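Each chain, letter by letter, is given below.
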Amino acid sequence: MKKLSSRIFSGIVFAFLYAPIAIVIIFSFNSSRRNIVFENFTFHWYKEMIGNDALLESFANTVIVASFSTLLAVIIGTLAAVAMFRYKFKGKGVIDALLYIPVVIPEVVLGISLLSIFAISNIPLGRISLIIAHTTFSIPFVVFTVRARLSGYDRAIEEAAMDLGANRFQVLTGITIPIILPGIISGAALAFTLSIDDFIISFFTTGVSSITFPLKIMESVRSGIRPDVYALSSIIMLITFIIVIISQAGSYRSSKKKK
Amino acid sequence: MEKEPEPGGEKRPIVEIKNVNKFYGGNHVVKNLNLTIYEKEFLSILGPSGCGKTTLLRLIAGFEHHTSGEILIEGERLDNKEPFERNINTVFQNYALFPHMSVYDNIAYGLKMKKVPKTQIKVRVKQALIMVRLEGFEKRYPAQLSGGQKQRVAIARAIINNPKVLILDEPLSALDMKLRKQMQIELKSLQKKLGITFVYVTHDQEEALAMSDRIAVMNNGVLDQCAKPEEIYAHPETKFIADFIGETNLFEAVVETEEKGVAYLYCEAGDLLGKSENFDPNEIIYVSVRPEKILWSEKPVEGFSLGGIVKESIYLGNIVKTIITLTNGQVVKVNRPVDSPSPQVGSILYIYWELKDAVMIYTTAQDVFKQLESVDLSSFAQNSNQNAGKESANV
């Protein structure tokens with residue numbers, strides 16, 4: 001009895017979570033243009049999507065911006081996390097608190113502030129401004145994940161490596177980075193996903209030539225969503241799904257290693 | 001202050017620490033320390049936590065740099081050498097194993113850094129694993145090992161490099177009692193087998209007594225005494241050592257007279273005797289008597305008048321510990337084997353000891369008094385407004 005009710009309950013939860021996603025996938029194969037009734041199964045929209053240059057370009061833009069902003073955020077965020085873990089300096093507490101602000105501040109505010117900064121400093125709106133903006137809000141997430149990883153880190157490990165003949169560079173590449181790598185990877189994953197589906201900040205900081213995928217979808221909503229957007233969304237989901245499985249498998253393996 | 005009997009006679013010094021000082025900001029952590037460590041010896045650095053022993057070790061290993069003085073290894077100064085340039089290896093307190101590497105890779109790390117050929121690494125790792133009795137553990141990760149096994153990996157990782165000196169920083173402190181005793185024996189035999197100098201840092205005096213060729217006792221940044229365990233136990237040079245190494249009864253006493261090798265002393269609780277060591281009359285000294293050396297009788301013995309009441313008798317398995325409170329409230333501990341007689345609880349008795357069992361310890365109090373006598377207080381009174389009276393008097 002108890003078992004049954006818990007099954008029903010979890011069934012409802014999963015339905016709640018995944019039904020909207022399932023609908024997108026289902027309707028990407030729908031031969032009807034209107035997404036109310038399912039007519040026939042078709043790959044038509046996938047073909048259409050491949051022919052839709054504007055859509056693909058926006059997707060390419062998104063990937064480029066996400067990749068560069070993630071790379072920058074990972075480098076800056078990791079260095080910041082390591083420095084804040086290792087050194088005591090004046091104003092460390094303030095910096096610590098300031099790191100949370102980009103996370104909690106309403107995105108609209110951050111978007112407007114970034115826009116005015118770009119205007120003042122004559123940075124043209126486009127890919128560059130987008131990358132800078134996305135890097136800005138991604139850095140704190142990288143700092144948090146790397147720092148969480150560092151919290152159990154014993155500096156004696158680095159001393160042990162030096163004691164065994166490793167110079168500082170070898171310690172960094174052979175010891176420190178491999179140990180905090182899981183933190184860096186999850187920080188990067190966070191930064192990447194945040195960048196890919198960011199709408200509000202991108203809306204403020206993008207130029208005409210660098211429309212991202214979320215902006216493109218938003219634009220098309222006004223004229224009604226065409227099923228080729230569903231098709232691209234489904235493909236993005238498939239890719240995300242594969243990435244999640246790979247990373248889960250990785251963390252499963254490393255947790256088995258620990259036991 | 002520091003006698004250094006060379007353990008084997010003609011042993012070669014391997015580490016020489018000369019007048020080394022270390023400051024952390026305004027904190028004087030290591031104070032003018034001199035110590036010579038010889039080849040193939042097992043030297044323990046013993047002291048309570050915060051005495052500077054870990055700092056001393058970090059100076060030798062190169063993780064910290066001393067403020068003044070010099071440290072030589074095989075006659076070569078290594079003041080500015082980085083840890084990775086020194087032929088010294090360390091076993092860390094919490095093992096500091098690399099969590100992302102297997103046991104094999106942990107142990108091979110030092111050789112890899114030295115670019116030793118792979119085939120040779122394989123052979124030597126295998127030998128090291130046999131040495132610490134961990135064959136078959138190559139593929140495990142540190143998180144899959146018990147405390148004792150981690151310890152062995154840490155030791156194997158250090159000794160595989162054939163260091164001149166192996167530093168061990170309280171390596172057994174995280175292990176339970178039984179394992180600790182077992183590892184003590186293993187470490188000692190390993191040291192003999194390898195012929196490497198071990199510098200063993202510990203706050204556990206029993207451990208130091210059991211394992212060491214020599215013990216260097218540190219207190220408050222100062223090296224109090226460095227000698228063989230028996231010497232340290234039988235003839236502690238300072239009150240701190242007498243108190244810290246083993247159990248003891250300390251009597252703060254004043255010298256009355258000295259005659260034919262006997263010092264007639266008195267303390268708060270009464271009269272007592274000690275060995276004559278050319279004290280000044282009225283000099284304040286400490287007499288240290290081990291609990292197993294305290295004798296008792298119903299009547300006062302010639303020269304002694306330390307009366308007390310037996311408060312408690314504690315059964316400790318192999319010995320019985322008796323607690324006697326003297327007339328001034330001082331507590332005296334008496335240890336006896338279980339099968340020999342101990343004082344009866346509630347009885348009133350007098351304690352005494354044989355002269356040879358009394359260790360006489362000088363106090364610095366005497367020097368302070370002497371200095372006080374020579375101070376001209378009138379100049380202080382005149383310059384009481386200035387901080388440094390002496391200096392302003394010179395002006």
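Residues numbered from 1 in each chain as written. Chains lettered and ligands numbered in written order. Predicted model: local features only at pLDDT ≥ 70, side-chain atom pairs only at ≥ 80, totals over all residues. Heavy atoms only, no water.

Caption draft 1: Representation of the overall build of chain B within the structure. Check the secondary structure of chain B and you find eleven helices and 20 strands. For chain B, the residues scored as buried account for 48% of the 395 residues in total. For chain B, long-range pairs separated by at least 24 residues make up 66% of all intrachain contacts whose partners lie at least 6 apart in sequence. As presented, chain B carries roughly 19,300 Å² of accessible surface, and 50% of it is formed by carbon and sulfur atoms. (Helix = DSSP H or I, 4+ residues; strand = E, 2+ residues; numbered from the N terminus. Buried < 20%, exposed > 50% of the residue type's maximum accessible area, 1.4 Å probe, protein only. Contact = heavy atoms within 4.5 Å. Areas by Shrake-Rupley, 256 points an atom, 1.4 Å probe, with all protein chains shown as cover.)

Caption draft 2: Region of the structure containing the sheet that holds strand β20 (residues 359-362) of chain B. Residue and element names in this part refer to chain B. Here five strands make up an open sheet; going across it, the order is β13-β12-β11-β14-β20 and the pairing antiparallel. Two strands in the sheet have a free side with no partner beyond their single neighbour: β13 (270-275) and β20. Pairwise comparison of adjacent strand axes, ignoring direction, gives a mean angle of 45 degrees for this sheet. (Pairing = 2+ DSSP bridges. Axes fitted to C-alpha atoms, helices over the stretch in contact; angles between N-to-C directions.)

Caption draft 3: Broad picture of the environment of Met101 of chain B. Within the secondary structure, Met101 of chain B is located in the loop between β6 (88-91) and α2 (103-113). Taking the C-alpha atoms as reference points, Met101 of chain B and Pro142 of chain B, 41 residues apart in sequence, are found 7.7 Å from one another. With near-sequence residues (within four places) excluded, Met101 of chain B lies in contact with Gly174 and Ile175 of chain A together with Asn106, Tyr109, Tyr141 and Pro142 of chain B.

Caption draft 4: Local environment of the confidence of the model for chain B. All names here are of chain B. In this model, chain B carries an average pLDDT of 85, and 89% of its residues clear a pLDDT of 70 or more. Element-level pLDDT for chain B is lowest in helix α11 (residues 389-394), with a mean of 45, against a maximum mean of 94 in α2. Ignoring residues within four places in sequence, the model shows residues 1-8, a span with pLDDT below 50, making 20 contacts including any to other chains. Reported confidence for the predicted complex is 0.73 by ipTM and 0.73 by pTM. (pLDDT = per-residue confidence, 0-100.)

Caption draft 5: The arrangement of the nonpolar core in detail. Counting residues in each nonpolar core, the largest one holds 61 residues, and the members touching the most others are Ile175 of chain A together with Val15, Ile17, Leu35, Phe98 and Tyr109 of chain B. At seven residues, helix α9 (residues 168-196) of chain A tops the list of elements feeding residues into this core. Those residues in contact with Ile17 of chain B that sit more than four places away from it in its chain are Leu33, Asn34, Leu35, Leu56, Ile60, Glu70 and Ile71 of chain B. Counting residues in hydrophobic clusters, the runner-up holds 35 residues, among them Tyr95, Ile155, Ile196 and Tyr200 of chain B. (Core = buried A, V, L, I, M, F, W, Y, C linked by side-chain atoms within 4.5 Å.)

Caption draft 6: Representation of the pairing of β13 of chain B within the structure. Residues and elements named next belong to chain B. Here strand β12 (residues 262-267) pairs with β13 via six bridges, running antiparallel. In the sheet register, Tyr266 faces β13, and the bridge partner there is Asp271. Following β12, the chain reverses through two residues before pairing antiparallel with β13.

Caption draft 7: Region of interest: the interface of chain A and chain B. Contacts between chain A and chain B engage 22 residues on the former and 25 residues on the latter. Taking both partners together, chain A and chain B bury about 2,000 Å²; carbon and sulfur atoms supply 61% of that area. Seen at the junction of chain A and chain B, the total is two salt bridges. For the salt bridge of Glu159 of chain A with Arg58 of chain B, the shortest nitrogen-to-oxygen distance reads 2.6 Å. Counting across the interface, chain A meets chain B through six residue pairs in polar contact (both at pLDDT 80 or more). When its residues are assigned to classes, the side of chain A that touches chain B shows ten nonpolar, four polar and eight charged. (Buried area = accessible area lost by both parts, 1.4 Å probe. Salt bridge = Lys/Arg side-chain N within 4 Å of Asp/Glu carboxyl O. Polar contact = N/O pair within 3.5 Å; in protein donor to acceptor, adjacent residues only side chain to side chain. Nonpolar A, V, L, I, M, F, W, Y, C, P; charged D, E, K, R; others polar.)

Caption draft 8: Seen up close, the sheet that holds β6 of chain B. Residue and element names in this part refer to chain B. Spatial ordering of the open sheet is given by β6-β7-β8-β3-β9-β10, a layout of six strands whose pairing is mixed. The strands lining the two open edges of the sheet, one partner per strand, are β6 and β10 (222-227). Each adjacent strand pair in this sheet contributes to an overall mean axis angle of 20 degrees, direction not counted. Relative to strand β8 (residues 197-202), strand β3 (residues 42-46) runs parallel, the two sharing five bridges. Opposite Ser44, over in β8, you have Tyr200 as the bridge partner. Its contacts with the sheet place helix α5 (residues 177-194) against β3, β7 (165-169) and β8, and it is angled at close to 155 degrees to β8.

Caption draft 9: Spotlight on the packing of aromatic side chains. Overall, the coordinates contain 20 aromatic pairs over all chains when judged by the stated rule. On the basis of an interplanar angle of 85 degrees and a centroid distance of 5.4 Å, the ring pair of Phe41 of chain A and Phe43 of chain A is categorised as edge-to-face. What makes Phe41 of chain A exposed here is its relative accessible area of 54%. Cluster of aromatic residues (ring-pair linked, three or more members): Phe29, Phe41, Phe43 and Tyr46 of chain A. The ring centre of Phe98 of chain B lies 4.6 Å from the NZ or CZ of Arg157 of chain B, which sits over that ring. (Phe/Tyr/Trp six-rings, centres within 6.5 Å; stacked < 30°, edge-to-face > 60°. Lys NZ or Arg CZ within 6 Å of the ring centre and 35° of its normal.)

Caption draft 10: Representation of the side chain of Thr248 of chain B. Residues and elements named next belong to chain B. Among the structural elements, Thr248 can be located in the loop between α8 (239-244) and β11 (249-259). Within polar-contact distance, the side chain of Thr248 engages the side chain of Ser288 at 2.7 Å. Engagement of the side chain of Thr248 in a polar contact is seen with the backbone oxygen of Val289, the distance being 3.3 Å. Residues in contact with Thr248, not counting those within four places in the same chain, are Ala242, Asp243, Ser288, Val289, Arg290, Pro291 and Lys333.

Caption draft 11: Seen up close, the state of the cysteines. Going through the model one piece at a time under the given rule, you end up with zero disulfides over all chains. Free cysteine: Cys226 of chain B, not disulfide-bonded; nearest cysteine sulfur from Cys51 of chain B at 14 Å. (Disulfide = S-S within 2.5 Å.)

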